[in-house]
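# Examination of the molecular architecture
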Amino acid sequence: MLTTIKPRRRTVILYLIVPVALFVFTVFVPLVTALVYSFFEWKGGPSKQFTGLANYQQLFRDGVFWQAFGHNIYLVVACIIGQIGIAFIMVMFVNSRMARLKGIHRTFGFFPSTISAVCIGLIWSMVYHYKFGLINWFLRIIGRPDLQQVWLNDSKHVMLYVTIPLIWQYIGYYMVIILSAIASINTDVLESAEIDGANGFQKSVYIVLPLIRNTMLVCITLCIAGNMKAFDNIYVMTSGGPGTSSMVMAMWGYKVSFQQSNMGYGSCISVAIFILSLLVIGGSQWAIKRATRNMGD
Amino acid sequence: MKKRVLSVALSAAMVAAMGVPAYAESTEAATEGAGSGVVEVAKNDLAYKGSLDIMHFSTSEESQANGGSDGFRTTLAAWEDAHPDISVEENVLANAEYKTQVATLAAAGDLPDVFLLQGMNTKQWAAQGQVMDLTDIIKASPYYKDYKQDYFTPFKDGDKIYGFPVLTGGTCTVVIYDKAMWKEAGYDKFPETWDDVEKASDYFNDKGVTTIAFGNGGQWQANSDFLSTLGDRYTGKEWFQSLIDGSGSKFTDDKFVAALTEMKHLFTETKIFNEDFNSVTNEDAREYYISGDAAAFIGGNWDESYIATTLLDSDKDKYNNIGFAVLPQPADATEDPNSQNIGLGYAVAINPKVADDKDKLAACIDLAQELTGPAFASYVASKYALGGLTQVADVDLSAFDQVTQDFYNYSYVDTTPCEIYDSYINSAVWGVCNQELQSMLNGEMEPQQVAEDVQKAYEENYLSSSQTETEAS
């Protein structure tokens, strides 16, 4: 019987060939070509000069790139805590018996992640705007105009200010993922814990978290991958400025490649982003697995 | 019932939305001058039949407030009408997207038949064979004697010319001020020195008005709309020409560092500019002027077009009070106090691959000549009081209002032209310069350090590649 419904090997290959070809063409080929170009001095146009590892040597000396890498790590850490952490807390509140209008919380929580990053950037530029912005307006009406400032021109704290919209945007996204994971937990387990006298915090930390550990790992991986290639809303808000105070790796790669027409070195930066992202994702997964080895088993 | 109310509301919204562009179009006509609005291109016989690709950034939106863009689109349409056997395939993008896409196509060696070449890309793209050498073609043009020769400079590499300078010659640095506000402050015209502007700022700050609005959020404005002219006041023209030629000038020369020092002083130690100048763009800053929050604004000709068009629609009195002035002179500057940076930033260039088809090449040349020739020049002169590559004799300004006449005189008659820095050298150098200027204007870098870093980028990205190209040729 089973053989009658099992598709033939040829059919499987035929079905797979289109998505696999698309994947190879749009992801794998550009990656390999970027790797090849990264060994050339190529300022656009047909002439390329093979320079071996010269671009990579330049990369190690490129202060802006490593500053941008530091900013990406800042984004990753802030967003893991901000996006996933707040999403988890909100999910626990929404799931609690006291919460009302749960559907509305879920819908409105998810809503910002459906807006394009460019729009988010523009909205928050207005929030931070010196003359017409929401924050300075609020400071004026509470009688503290002395606290007003040009928020996005503060090079010491600008990374924090561009991170807040990113956190705000994706809380709902992770809420949906965590909600679906918690829905799969057997309610008997949670009820037993309640009968045993566990409070909300204890239930969250000692029961829910270990049971959704793999989902949280996926969330963290998505969060790292997303923030290692952060670009659009920061570009809209600050273009990486003032100076390079909010520069991130993808933006530096873009500026080098397209604004400075240095395609060879730009390709080298792209390869470095790929490798560094893999290292950060791999390293964090290893660290999390090691730290939670004895949990939930 | 609810559905009915909703559908009525939606219909009303749709009607309102349709009404907005209709109003915008009707008001747009009011800004135009006395021109007939008709372009008559030369109808030369062309053997070529088929398609011709062109890429440009004169979008229909841009052409509503920019005479050069309108002239370009109108001339292109007239050329298409004159040559029905040639189908012109246009790829039209907004300027920022255009720059990215044309750089990408150049990198891929896949440029269209005809495109607009930015001055600072000329040497690099010419060395890579991406643009056709048009020297002989330009000299053989029937309009050659009427061409303003200075406009070719950014598109030259040695003696070779790589493009027909296109659109309208527009200033990149103009002080636009409200005559009534400055008169109230005790100034019959805009101050000629920064010291006087600083004194005036005490008056305006007391009234809660910004003296001069400026926006450097995009990082390029401090260079294109300020330093390029301020630098000329300290260094003179030969210094910059020597930088272009790689013949001795350095960004670390004392006179250029002095210009940077003055710029830092003006932005960090005085209260002349809006506090958020480093985080808002020129588009935001000009709104401060339009709304009356600022008594003056510094920007380029594109900002002037926008401000004039907006005020003509919304506040006729404020429109009539628009005055134009050159950048004030710093106390320790010794060069021409009347200079302003003006030029044509782009040129019509032709892909060398077109040369394989002689008839197609003839069509591309004809198109380039007409897009920059007397038909275009007469159209923009008579309709907008603007000038292009081709000189138009006896521009009749009497049909235009005083503001348009004043801006024409500011741009082409009463001031001394100097070069727009970022029309030359290359983007890698200006990328470093613009980034560090923004930090310097935040008070976080010293002028000497900025000069050293820009010089380093200049040596690594411009001088070394110029040497390589010379050796290769």
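Everything in this summary refers to the structure shown in the same document. If you're wondering where the values come from, they're calculated on a predicted model, not measured in any experiment.

Of regular secondary structure, chain A possesses 14 helices and two strands. Dimensions of chain A along its principal axes, counting C-alpha atoms only, are 80 × 75 × 35 Å. The 297 residues of chain A split such that 43% are buried. Positive and negative side-chain charges in chain A, numbering 22 and 10 respectively, have mean positions lying 10 Å apart.

Here we come to the packing of helix H4 (residues 63-95) of chain A against helix H11 (residues 213-228) of chain A. Residues and elements named next belong to chain A. Following both chains from N to C, one finds H4 and H11 inclined at 145°, their axes separated by 9 Å at the closest point. In the packing of H4 onto H11, the handedness of the crossing is right-handed. Between H4 and H11, the residues in contact are Phe69, Asn72, Leu75, Val76, Cys79, Ile80, Gln83, Ile84 and Phe88 and Met216, Cys219, Ile220, Cys223, Ile224, Asn227 and Met228, respectively.

Moving on, we get to the sheet that holds strand S2 (residues 86-92) of chain B. All names here are of chain B. Strand order in the open sheet made by the five strands is S2-S1-S3-S12-S6, with mixed pairing throughout. In this open sheet, the two edge strands, each paired with only one partner strand, are S2 and strand S6 (164-165). Relative to strand S3 (residues 114-118), strand S1 (residues 50-56) runs parallel, the two being bridged by two bridges. Opposite Ile54, over in S3, you have Val114 as the bridge partner. Running over the sheet, helix H3 (residues 67-82) touches S1, S2 and S3 and is turned about 160° from S2. Each of S1, S2, S3 and strand S12 (346-350) is contacted by helix H4 (residues 95-107), which is oriented at about 120° to S1, the strand it contacts most.

Where side chains of opposite charge bring their charged atoms close, a pairing between them can arise. All names here are of chain B. Under the counting rule described, the total for this entry stands at 17 salt bridges over all chains. Between Lys318 and Asp178 there is a salt bridge whose closest N-O contact spans 2.7 Å. Of this pair, Lys318 sits in helix H13 (residues 316-320) while Asp178 sits in strand S8 (residues 174-178), and the two are 140 residues apart along the sequence. One exposure class covers both Lys318 and Asp178, and it is buried. One salt bridge in this structure joins Asp196 and Lys199, with 3.6 Å as the shortest N-O distance.

Following A:Gly241, the chain continues to A:Pro242 via a peptide bond in cis, the omega torsion being 0°. Mapping A:Pro242 onto the fold places it in the loop between helix H12 (232-237) and helix H13 (249-259). One non-glycine residue with positive phi stands out, namely A:Ser239, at about 55°. Tracing the chain through its elements places A:Ser239 in the loop between H12 and H13. Positive phi outside glycine occurs at B:Gln219, with the angle close to 75°. Of note, B:Gln219 is situated in the loop between helix H8 (194-206) and helix H9 (221-245).

The interface is formed by 29 residues belonging to chain A together with 27 residues belonging to chain B. Interface area for chain A against chain B, summed over the two sides, is near 2,300 Å², with a carbon-plus-sulfur share of 46%. At the surface where chain A touches chain B, the tally comes to zero salt bridges. Looking at which element gives the most residues to the side of chain A that touches chain B, the answer is H13(A), with five residues.

Residue and element names in this part refer to chain A. Packing of H4 against helix H14 (residues 263-291) leaves a shortest axis separation of 12 Å and a crossing angle of 35°. In this structure, the crossing between H4 and H14 has a hand that is right-handed. Residues Phe65, Trp66, Phe69 and Ile73 of H4 form the contact with H14, whose participating residues are Ile269, Ala272, Leu276 and Val280.

Criteria and thresholds
- Residues numbered from 1 in each chain as written.
- Chains lettered and ligands numbered in written order.
- Predicted model: local features only at pLDDT ≥ 70, side-chain atom pairs only at ≥ 80, totals over all residues.
- Heavy atoms only, no water.
- Helix = DSSP H or I, 4+ residues; strand = E, 2+ residues; numbered from the N terminus.
- Buried < 20%, exposed > 50% of the residue type's maximum accessible area, 1.4 Å probe, protein only.
- Lys, Arg positive; Asp, Glu negative; His and termini not counted.
- Charge placed at Lys NZ, Arg CZ, Asp CG, Glu CD.
- Axes fitted to C-alpha atoms, helices over the stretch in contact; angles between N-to-C directions.
- Left-handed = near helix turned anticlockwise from the far one by under 90°.
- Contact = heavy atoms within 4.5 Å.
- Pairing = 2+ DSSP bridges.
- Salt bridge = Lys/Arg side-chain N within 4 Å of Asp/Glu carboxyl O.
- Buried area = accessible area lost by both parts, 1.4 Å probe.

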